[in-house]
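# Tertiary structure, described
Listed below, chain by chain, are the residues.
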Amino acid sequence: MEQYVSRNEGKVPRRVLGALLASVSAGVVPRLGAPYIAIGRTEEITAIASDLARVADGEGAMRFVIGRYGSGKSFLMQLVRGYAAENGFVTADADLSPERRLTGSGGVGVATYRELMKNLSTKSAPDGGALPAIIARWFTTLSETLVAEGLSPASPAFDEAFEKRIYTSLRSLETFVGGFDFAAVLGAYFRAYRAGDDDRMSACLRWLRGEWNTRTEAREAIGIRSLGIVTDDTWYDTLKLLAAFVRLAGYAGLCVFIDEGVNLYKITNRVSREANYEKILAMFNDTLQGRAEGLFLALGGTPQFLEDPRRGLFSYEALRSRLSDGRFAAAGQFKSLMGPVVRLRRLSDGELYALLLRLRRLHGDYHGTEPRITDGEIGDFLTASLARAGADEMMTPREIIRDFVTLLDLLLQNPEADVSSLVGTLRAAEKREEAKPNDKPAGIAIPTIEL
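Residues numbered from 1 in each chain as written. Predicted model: local features only at pLDDT ≥ 70, side-chain atom pairs only at ≥ 80, totals over all residues. Heavy atoms only, no water.

Let us look at the overall build of the protein chain. Tallying secondary structure elements over the protein chain gives 20 helices and five strands in all. Per-residue burial over the protein chain gives 47% buried out of 451 residues. Surface summary for the protein chain: the accessible area is close to 22200 Å², and the carbon and sulfur share equals 51%. (Helix = DSSP H or I, 4+ residues; strand = E, 2+ residues; numbered from the N terminus. Buried < 20%, exposed > 50% of the residue type's maximum accessible area, 1.4 Å probe, protein only. Areas by Shrake-Rupley, 256 points an atom, 1.4 Å probe, with all protein chains shown as cover.)

Set out below in structure tokens:
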């Protein structure tokens, strides 16, 4: 893992570098190039990498990545996602929203599943939409096995033997909810592939991605009677099925990253909110009790989402008892990352400085220029940023990175500008902002209201 996150030397592909700088300058977590600006978080990354090693051995694991907005939790999850893909895992990620939850009515649960399937990725297909490639890899393995047994792909018996091999290979999945339907759809996909029937192949893929709204439509399009579909109630079971299937296809497992858990905290209806928390409890129990083979789950959220005793995860007693720190960890002298919750600490000043140095080099490489800012001036910029009132607690890496890339852009586009004047202007503006009174301007009478 350390080698993966230490890509600070050598030439970065221009396409990756452009996407990386565009993302960080807008305050958006980059999907490409995250390892090139990875600084700190070594302990957290090492802990999650150990989870992935266990998942590759057939276990399950779940982590809760907790941090304030802009603290780097989404960045950490994207970094781990890239590492997992590099090491033979299939990955999927989605952000929760009012329209995408873990359970509920109106398709909000299956909407999350569809988003995960849209972003399904592998090392060879890092931008999503990897489901056909995963199936093709599995088909290739089955075909090579039959050829090794003496069957020619051109022989009349090959297709029949291949379809039988599909069902025998998937026999281990029959114990899963929807396992028979899953095998039947893959069999139909193979028949459509051999017949060159693109419409039926597309219909099978739509079933696997949870895109059919009714069973009748799915049965007519795929040609299988008595076929169910992925629903709000079954999408997580289908996810566990997929995790077991990708291992059969030769991958290490399935890593699922679900961010913006705070959207569950924002659900106003208590029954609906607790139903989602109950789903989280089921996921957590499955991964620890061996019922989610080859599945890694990561759920990102804010401290409020985790700890609020009225509406957060801690309001659900079964989760509070599992996720709260033990007495020794709560004492605060030492930190343990072996528990399910990863709390992101603030990056140190030294780590922030190293991050800005790396961004300067990447910015210069992309634009083909030597950035007009010295090491000392970077230190002055960082000092000015951290000198703001409350910055030690409230200033996040996202804000510092965004401001710094903006500064580099201004220096590039305005040859007459210099760092000291830009930083001085920023300090003066902040002092004026801090000096503004909070009460009403003089001369305006504020009425007294008797209650």
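From this point, things continue past the structure.
In this section: the pairing of strand E3 (residues 254-259). Counting buried positions along E3 yields six of six residues, so the element is predominantly enclosed. Bridge count between strand E2 (residues 90-95) and E3: six bridges; the pairing is parallel. Counted as the bridge partner of Asp-93 is Phe-257 from E3. Judged from the five bridges that link them, E3 and strand E4 (residues 295-301) form a sheet pairing that is parallel. (Pairing = 2+ DSSP bridges.)

Contact geometry of helix H2 (residues 42-56) with helix H3 (residues 73-86) gives a least axis separation of 11 Å together with a crossing angle of 40°. In terms of orientation, H2 and H3 fall into the oblique class. Between H2 and H3 lies a crossing whose hand is right-handed. Facing H2, whose interface residues are Glu-44, Ile-45, Ile-48, Ala-49 and Leu-52, H3 presents Leu-76, Leu-79, Val-80, Tyr-83 and Ala-84. The residue makeup of the contact of H2 with H3, split by class, is nine nonpolar, no polar and one charged. (Axes fitted to C-alpha atoms, helices over the stretch in contact; angles between N-to-C directions. Parallel < 35°, antiparallel > 145°, perpendicular 65-115°, else oblique. Left-handed = near helix turned anticlockwise from the far one by under 90°. Contact = heavy atoms within 4.5 Å. Nonpolar A, V, L, I, M, F, W, Y, C, P; charged D, E, K, R; others polar.)

This part takes up the confidence of the model for the protein chain. Here the protein chain averages 87 in pLDDT, and 88% of its residues register 70 or above. Note on residues 440-451: pLDDT under 50 across the span, and one contact to partners over four residues away in sequence or across chains. (pLDDT = per-residue confidence, 0-100.)

Summed over all chains, the structure comprises four cavities of 30 Å³ or more. Around the largest cavity sit 21 residues that line it, and Gly-72, Phe-75, Pro-397, Arg-398 and Ile-401 are the ones nearest its centre. Sorting the residues of the lining of the largest cavity by element identifies H3 and helix H19 (397-413) as the ones contributing at least two each. Broken down by class, the residue content of the lining of the largest cavity amounts to twelve nonpolar, five polar and four charged. Met-62, Leu-102, Val-256, Ile-258, Ile-280, Met-283, Leu-297, Ala-298 and Leu-299 are the residues that line the second largest cavity. Residue assignment for the lining of the second largest cavity shows that the elements contributing at least two residues are E3, helix H12 (270-288) and E4. With three residues, E4 is the single largest residue contributor to the lining of the second largest cavity. Looking at side-chain class alone, the lining of the second largest cavity contains nine nonpolar, no polar and no charged residues. (1 Å grid on protein atoms, 1.4 Å probe; cavity = no way out; pocket = protein on both sides within 12 Å on 5 of 7 lines; lining within 4 Å. Points joined across faces, edges and corners; volume = space filled by probe spheres on them.)

Moving on to H19. With 17 residues, H19 should cover 24 Å at 1.5 Å per step; its first-to-last C-alpha distance of 24 Å lies within 8% of that length. What H19 keeps buried is the set Pro-397, Ile-400, Ile-401, Phe-404, Val-405, Leu-407, Leu-408 and Leu-411. Along the axis of H19, the buried positions cluster into a sector of 150°, meaning they face one direction only. (Expected span 1.5 Å × (residues − 1). Arc of directions from axis to C-beta.)

In spatial order, the strands read E2-E3-E4-E1-E5; together these five strands make up an open sheet with parallel pairing. Every other strand in the sheet has two partners, leaving E2 and strand E5 (341-343) as the edge strands with one partner each. Neighbour-to-neighbour, the strand axes of this sheet turn through a mean angle of 15°, independent of strand direction. Against the sheet, H3 touches strand E1 (61-66), E2, E3 and E4, its axis set at about 165° to E3. Docked against the sheet, helix H10 (residues 235-248) engages E2, E3 and E4, running at close to 145° with respect to E3.

Turning our eyes to something else, we now look at the packing of aromatic side chains. The final tally for this structure, using the stated rule, is 13 aromatic pairs. Taken together, a centroid distance of 5.4 Å and an interplanar angle of 50° make the contact between Phe-381 and Phe-404 tilted. Highlighted residues: Phe-381 in helix H17 (residues 375-386) and Phe-404 in helix H19, separated in sequence by 23 residues. For Phe-381, a relative accessible area of 3% puts it in the buried group. Each residue in the set Trp-138, Phe-139, Phe-158, Phe-162, Phe-182, Tyr-189, Phe-190 and Phe-245 is aromatic and connected to the rest through ring pairs, giving one cluster. The positively charged end of Arg-137 is found above the aromatic ring belonging to Tyr-251, 4.1 Å away from the centroid. (Phe/Tyr/Trp six-rings, centres within 6.5 Å; stacked < 30°, edge-to-face > 60°. Lys NZ or Arg CZ within 6 Å of the ring centre and 35° of its normal.)

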